[in-house]
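Okay, here's what each chain looks like letter by letter:
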Amino acid sequence: METLLLKVDESDEGQAALDIAAQIIKDGGLVAFPTETVYGLGCDAMNSRSARKIYRAKGRPSDNPLIVHIAELYQLNEAAEEIPECVNALAENFWPGPLTIILKKSKSIPRHTTGGLSTVAVRMPADDVARELIIRSECLIAAPSANVSGRPSPTEAMHVYNDLEGRIDAIIDAGTSAVGLESTILDLTSDVPVILRPGVITREMLEQVIGRVDIDTSILKVDDKVKPKAPGMKYRHYAPNANLIIVEGDPSKVATYINSQVREGKESGSTVGIIASDENIKRYKADVIKSIGSAEDEREIAHNLYGILREFDETDVDKIYAESFNNEGIGLAIMNRLLKAAGHQVVNADKEAITRIIFAGKNGSSRSPMAAAILDNMELDKNYEILSRGILVQFPEPLNPKIEAVLSSNGIEMEDYHAVELKDEDINSTTIIFTMEESHRNRIIDKLSRANEDNTFVLSSYVGNELEIPDPYGGSLQLYGLCYESIKKTLEDLVNILDQKR
Ligand code: TXA
Ligand code: MG
């Protein structure tokens, strides 16, 4: 089948193209059309053969019902019956617009349109082209999003073309969808209205108009025992080709974690992409970094999300890491889609952040093993692997005798210690390296490819001290004793920081 691309605008040609699209719908064909949320794949809602064609074109499971789109309020009576009072207030406040309501279906809507259910989803889109298409085709238009089942919903005509070219009669091109995420679905068939799918019309907005509204518990969680009431919400969805992983936590920890994953990916020959907010974008180093907009502007993020997921399909990335967003208000809709696209793979960077702590000094026989030994003897909330290394170790020097003596007088014995040189293999994504001196830090970062500004720090400045820990080399035992105290004090501050970060 050849798929017509119909450019619709105000021009005579554009308007004639819209007439062609309307005629295709009347004749039982399938037309992808813009709405303010996402592009829909439409057909005559009363024609069950056409509805079946939609399932085939999308590869959509047949139990997943379509949304019936109307242009005028009176058309609601053709789609639904036993319409509750609150619909008037909802329509007045939110229609035309990105709200879909679930009602008891009318007899005239065929079961193929509603996936076998006795209820029907209805929405009045705000997009002028969508409404005009409904009016000119003189029927209600049943439409799911115009993507191949499982893919991100299309927010521009080319997205539809890439998914469905050759499988549908026509695609109307009228620019980018303003909202970018699918409508909020509100089920009005239960005692208390329930949001089955979150969108830019939020719970708070609905509650202001109709009072209490519940949220389907499956929206942010994966729970095999809870069956989502909107059949479509149970499928993996919106997924880009690459494996998508969400990373939540403190922004700097998120960046450290993601950057380390990028480096590890590179070493194993895979390419990693990043989805970041404007605020954090400078924190990342990767081949493909895409900004999704300001974390403060949820509408912008909603608008950009699907387009960005699709853009990644044009790159060769194998893995995508995305920042996590606040799930209040519109954020709930964003996180719902992002979690589904990621198959609910979420990493908490605060917890993942550090599991191996390496103290590194010039030759690894003095202050660094002392720090490692002290930390090893302290109470920590979490199990860390604590190591000591030297930057240049030509032979496995034993522990400096004065260090050994000071540790011993504080009840810490280090038997058979020998210095070991710091190597790239020691460093993985969960490693943090501490040096006593700035110059040591710089040398490590220069020398080792896995060491960098995000994982290698001067111990004193990491905990916020201006003064470095003094080098007792060549000094008296008393000086070594002072060094012990200074390291111990600094490590106590470090433990507080590490415990807070968990
Ligand atoms: O913004 C939108 O809603 C877009 C545009 C094109 O209008 N449409 C859209 O359709 O997102 P679709 O098919 O991708 O999603 C429809 C969702 C599915 O999750 C489906 O299970 C649910 O609506 N749904 C439809 N009828 C339902 C019903 N009777 N009861 C419960 N859920 C229903
Ligand atoms: Mg869809």
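### Examining the packing of aromatic side chains
The description of two aromatic rings rests on the distance between their centres and on the angle between their planes.
Alright, step 1. Throughout the structure, instances matching the rule amount to six aromatic pairs.
Alright, step 2. Centre to centre, the rings of Phe434 and Phe457 are 6.5 Å apart; their planes meet at 40 degrees, and the pair counts as tilted. One end of the pair, Phe434, is in strand β20 (residues 431-435); the other, Phe457, is in strand β21 (residues 456-458), and 23 residues separate them in sequence. In terms of burial, Phe434 and Phe457 fall into one category: buried.
Alright, step 3. Site record: aromatic cluster; members linked through ring pairs are Phe359, Phe434, Phe457 and Tyr462.
Alright, step 4. Sitting over the face of the ring of Phe312, Lys290 holds its NZ or CZ atom 5.6 Å from the ring centroid.

### Things to note about the pairing of β20
Alright, step 1. In terms of burial, β20 is largely enclosed, as five of its five residues are buried.
Alright, step 2. Taking every second residue as pointing to the same face, both faces of β20 are buried, with Thr431, Ile433 and Thr435 on one and Ile432 and Phe434 on the other.
Alright, step 3. Relative to β20, strand β18 (residues 356-361) runs parallel, the two sharing five bridges. Each bridged residue has a counterpart across the sheet, and for Phe359 the counterpart in β20 is Phe434.
Alright, step 4. As judged from the three bridges shared by β20 and β21, these two strands associate in the parallel manner. Pairing of Thr435 across the sheet is with Val458, part of β21.
Alright, step 5. As for the winding sense of the linkage, the β-α-β connection from β20 through helix α14 (residues 438-447) to β21 is right-handed.

### A word on the packing of helix α1 (residues 12-26) against helix α5 (residues 128-137)
Alright, step 1. Running from amino to carboxyl end, α1 crosses α5 at an angle of 55 degrees, the nearest separation of the two axes being 8 Å. By the angle class used here, α1 and α5 are oblique. For the crossing formed where α1 meets α5, the hand is right-handed. Between α1 and α5, the contacting residues are Gln15, Leu18, Asp19, Ala21, Ala22, Ile25 and Lys26 on the first element and Val129, Glu132, Leu133, Arg136 and Ser137 on the second.
Alright, step 2. Of the residues assigned to the contact of α1 with α5, the class counts are six nonpolar, two polar and four charged.

### Quick notes on the pattern of salt bridges
Alright, step 1. Tallied over the entire structure, the rule returns 24 salt bridges.
Alright, step 2. For Lys104, the salt bridge identified is with Glu82, shortest N-O distance 3.2 Å. Taken as a pair, Lys104 in strand β6 (residues 99-105) and Glu82 in the loop between β5 (80-81) and α4 (86-94) lie far apart in primary sequence, 22 residues in all.
Alright, step 3. Residue Lys104 is classed as partly exposed on the basis of its relative accessible area, which comes to 34%.
Alright, step 4. A single salt-bridge network, built from bridges that share partners, covers Glu81, Glu82, Lys104 and Lys107.

### Overview of the packing of helix α9 (residues 298-313) against helix α10 (residues 330-341)
Alright, step 1. Viewed as axis vectors pointing N to C, α9 and α10 meet at an angle of 20 degrees, and their least axial separation amounts to 9 Å. Overall, the two elements α9 and α10 adopt an arrangement that is roughly parallel. Taken as a pair, α9 and α10 cross one another with a handedness that is left-handed. Counting all contacts with α9, which are made through Glu298, Arg299, Ile301, Ala302, Leu305, Tyr306 and Leu309, the residues of α10 involved are Ile330, Gly331, Ile334, Arg337, Leu338 and Ala341.
Alright, step 2. Across the contact of α9 with α10, the residue classes tally to nine nonpolar, one polar and three charged.

### Observations regarding the sheet that holds strand β19 (residues 385-390)
Alright, step 1. As summarised here, the arrangement of the four strands in space is β19-β18-β20-β21, forming an open sheet in which the pairing is parallel. The open sheet has two edge strands with one neighbour each: β19 and β21. On average, each strand axis in the sheet is inclined to that of its neighbour by 25 degrees, with strand direction left out of account.
Alright, step 2. Sheet analysis places β18 next to β19, joined by six bridges and oriented parallel. Bridge pairing links Ile357 to Ile386 in β19.
Alright, step 3. Lying over the sheet, α14 contacts β18, β20 and β21, oriented at roughly 170 degrees with respect to β21.

### What about the domain arrangement of the chain?
Alright, step 1. Its domain assignment divides the chain into domain 1 (4-220), domain 2 (243-350) and domain 3 (354-500).
Alright, step 2. Distance from the C-alpha centre of domain 1 to the C-alpha centre of domain 2: 29 Å.
Alright, step 3. Facing the 27 residues of domain 1 at the interface are 21 residues of domain 2.
Alright, step 4. Summed over both partners, the interface of domain 1 with domain 2 comes to about 1900 Å²; 59% of that surface belongs to carbon and sulfur atoms.
Alright, step 5. At the boundary of domain 1 with domain 2, the tally comes to three salt bridges.

### Side note on a negative patch on the surface
Alright, step 1. Residues Asp9, Glu10, Asp12, Glu13 and Asp128 make up a contiguous surface patch of negative charge.
Alright, step 2. Locating Asp9 in the fold gives a position in the loop between β1 (4-7) and α1.
Alright, step 3. The exposure class assigned to Asp9 is partly exposed, which follows from its relative accessible area of 37%.

### What to know about the state of the cysteines
Alright, step 1. Counted by the stated rule, this structure contains zero disulfides.
Alright, step 2. Unpaired in this structure, Cys139 has its nearest cysteine sulfur neighbour in Cys43, at a distance of 8.3 Å.
Alright, step 3. Taking the relative accessible area as the measure of exposure, Cys139 reaches 11% and is therefore buried.

### Examining the layout of surface pockets
Alright, step 1. Counted as a void, the second largest pocket has a volume near 310 Å³.
Alright, step 2. If you trace the second largest pocket, you find 16 residues lining it, with Lys362, Asn363, Ser366, Asp471 and Tyr473 closest to the centre.
Alright, step 3. The residue makeup of the lining of the second largest pocket, split by class, is three nonpolar, eight polar and five charged.

Calculation criteria
- Residues numbered from 1 in each chain as written.
- Chains lettered and ligands numbered in written order.
- Predicted model: local features only at pLDDT ≥ 70, side-chain atom pairs only at ≥ 80, totals over all residues.
- Heavy atoms only, no water.
- Phe/Tyr/Trp six-rings, centres within 6.5 Å; stacked < 30°, edge-to-face > 60°.
- Helix = DSSP H or I, 4+ residues; strand = E, 2+ residues; numbered from the N terminus.
- Buried < 20%, exposed > 50% of the residue type's maximum accessible area, 1.4 Å probe, protein only.
- Lys NZ or Arg CZ within 6 Å of the ring centre and 35° of its normal.
- Pairing = 2+ DSSP bridges.
- Right-handed = clockwise from strand over helix to strand, strands pointing away.
- Axes fitted to C-alpha atoms, helices over the stretch in contact; angles between N-to-C directions.
- Parallel < 35°, antiparallel > 145°, perpendicular 65-115°, else oblique.
- Left-handed = near helix turned anticlockwise from the far one by under 90°.
- Contact = heavy atoms within 4.5 Å.
- Nonpolar A, V, L, I, M, F, W, Y, C, P; charged D, E, K, R; others polar.
- Salt bridge = Lys/Arg side-chain N within 4 Å of Asp/Glu carboxyl O.
- Domains from an automatic or database assignment.
- Buried area = accessible area lost by both parts, 1.4 Å probe.
- Patch = residues over 30% accessible without salt bridge, like charges linked within 9 Å, V, L, I, M, F, W, Y side chains within 5 Å.
- Areas by Shrake-Rupley, 256 points an atom, 1.4 Å probe, with all protein chains shown as cover.
- Lys, Arg positive; Asp, Glu negative; His and termini not counted.
- Charge placed at Lys NZ, Arg CZ, Asp CG, Glu CD.
- Disulfide = S-S within 2.5 Å.
- 1 Å grid on protein atoms, 1.4 Å probe; cavity = no way out; pocket = protein on both sides within 12 Å on 5 of 7 lines; lining within 4 Å.
- Points joined across faces, edges and corners; volume = space filled by probe spheres on them.

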